[in-house]
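An overview of the molecular structure
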Amino acid sequence: ASETPEHDVIVIGGGPGGYVAAIKAAQAGLKTACIEKRGALGGTCLNVGCIPSKSLLNNSHIYHQILHDVKNRGIDVEGVKLNLTQMMKAKETSVTGLTKGIEYLFKKNGVEYIKGTATLTGEHEIKVNPLDGGSPETYNAKNIIIATGSEATPFPGLEIDEQRIITSTGAIALTEVPKKMIVIGGGIIGLEMGSVWSRLGSDVTVVEYLGAIGGPGMDADMAKTMQKILSKQGMKFKLNTKVMGGDINTDSIAINVEAAKGGKQETLGADVVLVAIGRRPYTTGLGLENVGVETDERGRIIIDQEYRTKIPHIRVIGDVTFGAMLAHKAEEEGIAAVEYISKGYGHVNYGAIPSVMYTHPEAAWVGLTEQEVKATGKDYNIGSFPFSANSRAKTNLDTEGMVKFITDKETDRILGIHIIGPNAGEMIAEGVLALEYGASAEDIARTSHAHPTLSEAFKEAAMAAFSKPIHA
Ligand code: FAD
Ligand code: NAI
């Protein structure tokens, strides 16, 4: 192994956490390298997560809309056919464009891109096994940032082959539409990928252990509304149901389920089973044990508030440590961790990280759920406004969903905002800003929103929390 000159910062992992940290560090004038083993930058998010799933969600929505929702708009179409190969190509074009874009940003900012698998071999030392198979190289760094991300949690007894028993990685790459798909887990991946294949013609059943869909963090009202909407679109749900195991035969898969209460058993048949029961931190081969960096019982690397492990110059960000597994959360941490290194201070407001589920309509939220507010014992107001009373939504014939504000009864300060509706993912940005600035519902209610826009529903929900809406 040869030795290279010392870097100020070496980032392990080129996902949203790692690549943002690397660019930020280089911008701060630090000699920076980023080590990535997958052969492309962008991590889970760009390669097999956020981006490919959103491409398929967008294009499957257009297909579904052409089949079911254009006649009433005065558009007659005939001979509509799905070309799945082309839909996958469109997805790949978006992915490669964006991953190459990060390579360009690395060059522009002077980040060294090292292609290989990194293992910690000392407190300042990293061994890299190059992707091209050459002999290992050793790198030295004053500071190390670990951003190795996460992987799908497997379901015991159902071996993943990414063709018939799949994770989200298989679900963004199927070569035919399955006749029947079972989704284990009604969280965000289950509902997004379930929507894609349901729109393309698959008979999709979601089996969820809990009594509500949406995964952790979704407000109960929103989860109920979303389930109604997705059921109308053709998805089937089995809530409060445990998957016990499955039999994989040559021509079909049998999944055995049991009611969580009462124990009633049933067997469901499928061609493809999507395992979407959560993700877990990924540290395989990283060599944490070589330097004594510790993980908790769920495999998350333990850090303090400045992202430091017990070796202070080794910091950790993104999915591999605590908190929501979201790309924008990883990015914020990447910036903050570098600011701690370069300036000695940094900040992420964890109370104002938005969540978005990109179904149609979208679901988006920030801050506390009503259940969480209730648990604090605080008195609160609810203001909600349905899109069915919003002029733009009515004009667009796209009126499902609502905006819900939860505010402190005494101070009117916004505690949480929950939206189901067209473009909710964009609309929530206003809510995030409101939370960041400690806004009250009155602040929003007195702010002019252009007419006719969907955002007027946002304003009117704030009016409903603060006094009364005009249009409902
Ligand atoms: P990752 O993106 O996982 O990147 C880690 C990188 O480190 C990987 O590329 C890996 O190859 C590399 N690596 C690991 N070990 C080593 C090593 N020893 N040496 C070198 N390299 C290594 N989040 C959103 O906010 N919005 C979405 O719409 C969204 N959609 C998603 C859809 C799906 C299907 C999935 C699976 C996830 C989605 N997520 C979404 C979550 C998002 O992808 C993650 O939160 C985000 O990628 C985390 O970023 P990260 O940098 O922590 O890790
Ligand atoms: P999740 O945690 O969102 O949902 C998993 C669901 O599976 C939960 O509802 C859970 O109760 C259920 N479950 C767990 N074990 C089960 C079992 N044995 N049987 C039946 N149900 C079971 O996890 P998911 O959907 O896998 O996504 C992982 C993470 O990826 C998300 O938490 C999110 O952080 C990220 N992601 C974000 C997206 C976005 O921001 N739009 C899109 C996709 C993923």
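Residues numbered from 1 in each chain as written. Chains lettered and ligands numbered in written order. Predicted model: local features only at pLDDT ≥ 70, side-chain atom pairs only at ≥ 80, totals over all residues. Heavy atoms only, no water.

Applicable threshold: UniProt positions are given in the numbering used here, feature names are shortened, and annotations may be inferred rather than shown by experiment.
The chain has the name Dihydrolipoyl dehydrogenase in an unreviewed UniProt entry, where Discina gigas is given as its organism. The Sequence similarities (unreviewed entry) field of the UniProt record for the chain holds the comment "Belongs to the class-I pyridine nucleotide-disulfide oxidoreductase family."

Topic: unusual backbone geometry
Test applied: Counting from the N terminus, the helices are DSSP H or I runs at least four residues long and the strands are E runs at least two residues long. Whether a residue is buried, partly exposed or exposed follows from its accessible area with a 1.4 Å probe, protein chains only, as a fraction of its type maximum: under 20%, in between, or over 50%, in that order.
Geometrically, the link from H360 to P361 is a cis peptide bond, its omega value of -10° lying close to zero. Relative to the assigned elements, P361 resides in the loop between β18 (355-357) and β19 (362-367). Between H451 and the following residue, P452, the backbone shows a cis peptide bond with an omega angle of -5°. Counting through the fold element by element, P452 comes out in the loop between α13 (441-445) and α14 (455-466). The phi angle at N240 is positive, at roughly 50°, despite the residue not being glycine. Locating N240 in the fold gives a position in the loop between β11 (236-238) and β12 (241-248). In this structure N240 comes out as partly exposed when scored by relative accessible area, which is 38%. A positive phi angle, near 65°, is found at N423, a position not held by glycine.

What to know about the site of ligand 1
Selection rule: When we say a residue is near a molecule or strand, we mean one of its heavy atoms is within 4 Å of it. Here a polar contact is taken to be a pair of N or O atoms separated by no more than 3.5 Å, where protein atoms must pair a possible hydrogen donor with a possible acceptor and residues adjacent in sequence count only if both atoms sit in side chains. To be clear on the numbers: accessible area is Shrake-Rupley with a 1.4 Å probe, and residue cover counts the displayed protein chains and nothing else. Note on residue classes: Ala, Val, Leu, Ile, Met, Phe, Trp, Tyr, Cys and Pro are nonpolar, Asp, Glu, Lys and Arg are charged, and everything else, Gly too, is polar.
As a matter of local geometry, ligand 1 sits amid 39 residues, with G17, E36, T44, K54 and D319 nearest to it. With respect to ligand 1, the backbone of A118 contributes an N or O atom lying 2.9 Å from a nitrogen atom. Contact distances for ligand 1 include 3.3 Å between an oxygen atom and a side-chain N or O atom of H328. Notes on ligand 1: free accessible area 1000 Å², of which the protein chains cover 94%. Looking at the shell around ligand 1, the elements that each hand over two or more residues are α1 (16-27), β3 (32-36), α2 (43-48), α3 (50-68), β4 (112-122) and α9 (327-342). Ranked by residue count, the leading element in the shell around ligand 1 is α2, at 4 residues. Classifying every residue of the shell around ligand 1 by side-chain character gives 16 nonpolar, 17 polar and 6 charged.

Let's talk about helix α6 (residues 188-199)
Along an α-helix, a turn takes 3.6 residues, which lines up residues three or four apart on a common side. Selection rule: Here, expected helix span is obtained from the residue count minus one, scaled by 1.5 Å.
Look at α6: 16 Å from first C-alpha to last across 12 residues, which is about the 16 Å you get at 1.5 Å a residue. With respect to burial, α6 is a largely interior element, 10 of its 12 residues being buried. Here α6 has its buried residues at G190, L191, E192, M193, G194, S195, V196, W197, S198 and R199. Just past α6, the residue G201 takes up positive phi, approximately 120°.

Remarks on the side chain of K404
Where we set the bar: Here a residue-residue contact requires only that any non-hydrogen atoms of the pair lie within 4.5 Å.
Secondary-structure assignment places K404 in strand β21 (residues 402-408). Note on K404: relative accessible area 1%, which makes it buried. Of the polar contacts made by the side chain of K404, one reaches the side chain of D221; its length is 2.8 Å. Here E370 takes part through its side chain, which lies 2.7 Å from a polar atom of the side chain of K404. Beyond its immediate stretch of four places on either side in the chain, K404 contacts D219, D221, M222, E370, I382, G383, S384, G416, I417 and H418.

Section: the sheet that holds β11
Using the following cut-off: Strands are treated as partners if at least two bridges between them are detected by DSSP.
The sheet built from 5 strands is open, its strands ordered β8-β15-β9-β10-β11 with parallel pairing. Pairing within the sheet leaves two strands with one partner each, and these edge strands are β8 (165-166) and β11. When strand β10 (residues 203-207) meets β11, the two strands line up parallel, connected through 3 bridges. Paired with V206 across the two strands is F237, which belongs to β11.

Considerations on the pattern of salt bridges
Heads up, the condition is: One speaks of a salt bridge when a side-chain nitrogen belonging to Lys or Arg is within 4 Å of a carboxyl oxygen belonging to Asp or Glu.
The final tally for this structure, using the stated rule, is 23 salt bridges. For D219, the salt bridge goes to K404, with nearest N and O atoms at 2.9 Å. Placement of D219 in the loop between β10 and α7 (220-232) and of K404 in strand β21 is noted, with a sequence separation of 185 residues between them. Take D219 and K404: they sit in the same class, and that class is buried. In this structure, a network of salt bridges that share partners links the residues D219, D221, E370 and K404.

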